[in-house]
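Inside the fold
Each chain, written out:
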Amino acid sequence: DPSADWKQRARERIRRVAQVAVICGEHTDVATGVSEEIRIARSESKPYFLLYGRAEKTCRKPAAALADDKMYKWTWENLKKLIAGSR
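Residues numbered from 1 in each chain as written. Predicted model: local features only at pLDDT ≥ 70, side-chain atom pairs only at ≥ 80, totals over all residues. Heavy atoms only, no water.

**Comments concerning the pairing of strand β2 (residues 48–52)**
Of all 5 residues in β2, 4 are buried, a share of seventy percent or more. Bridge analysis of strand β1 (residues 20–24) against β2 gives 5 bridges, and the strand direction is parallel. Bridging across to β2, Val 20 finds its partner in Tyr 48. Between β1 and its parallel partner β2, the chain crosses via helix α2 (residues 32–43), and the hand of that crossover is right-handed. Of the pairings in the sheet, the one linking β2 to strand β3 (residues 71–72) comprises 2 bridges and is parallel in character. Pairing of Leu 50 across the sheet is with Met 71, part of β3. (Buried < 20%, exposed > 50% of the residue type's maximum accessible area, 1.4 Å probe, protein only. Helix = DSSP H or I, 4+ residues; strand = E, 2+ residues; numbered from the N terminus. Pairing = 2+ DSSP bridges. Right-handed = clockwise from strand over helix to strand, strands pointing away.)

As structure tokens, then:
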């Protein structure tokens, strides 16, 4: 199975970044892979932020997101601020 080691590959990629952007959609609350990536980011001490992926739809936080994790509107201005805030 070529995807059997996806968690390890995801961990290796997350280790190489400064922070993780999580784009949320209508079913992100049940997307187990997204939740696992958030858990990996936390275990690797990488900051992450949540973005609404759909302007006209209800977007849901991943199950692994913390209760106080804010979801931000996806605008270029917000994205610049969120990325700059991690430095």
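**Description of unusual backbone geometry**
Within the chain, Ser 45 stands out as a residue other than glycine whose phi angle is a positive 55°. Note on placement: Ser 45 falls in the loop between α2 and β2.

**Here's the deal with the pattern of salt bridges**
Under the counting rule described, the total for this entry stands at 4 salt bridges. For Glu 36, the salt bridge identified is with Arg 39, shortest N-O distance 3.4 Å. In this pair, Glu 36 and Arg 39 both sit in helix α2, 3 residues apart, roughly one turn of the helix. One salt-bridge network, in which partners are shared between bridges, spans Arg 11, Arg 15 and Glu 44. (Salt bridge = Lys/Arg side-chain N within 4 Å of Asp/Glu carboxyl O.)

**A short note on the sheet that holds β1**
Here we have 3 strands laid out as an open sheet, ordered β1-β2-β3, and parallel in their pairing. The open sheet is flanked by β1 and β3, the only strands paired with a single partner.

**Remarks on the environment of Leu 50**
When you line up the elements, Leu 50 lands in strand β2. Judged by relative accessible area, Leu 50 falls into the buried class, the value being 0%. Along the sequence, Leu 50 and Ile 38 sit 12 residues apart, while their C-alpha atoms lie 10 Å from each other. Once you skip the residues sitting within four places of it in the chain, Leu 50 turns out to touch Val 22, Cys 24, Ile 38, Lys 61, Pro 62, Ala 65, Asp 69, Lys 70, Met 71 and Tyr 72. (Contact = heavy atoms within 4.5 Å.)

**Let's talk about the nonpolar core**
Membership of the largest hydrophobic core comes to 14 residues, with the highest contact counts inside it found for Val 20, Val 22, Cys 24, Ile 38, Tyr 48 and Leu 50. Residue assignment for this core shows that the elements contributing at least two residues are α1 (6–15), β1, α2 and β2. Sequence-distant contacts of Ile 38, that is, excluding residues within four places in its chain, are made with Val 22, Tyr 48, Leu 50, Pro 62, Ala 64 and Ala 65. (Core = buried A, V, L, I, M, F, W, Y, C linked by side-chain atoms within 4.5 Å.)

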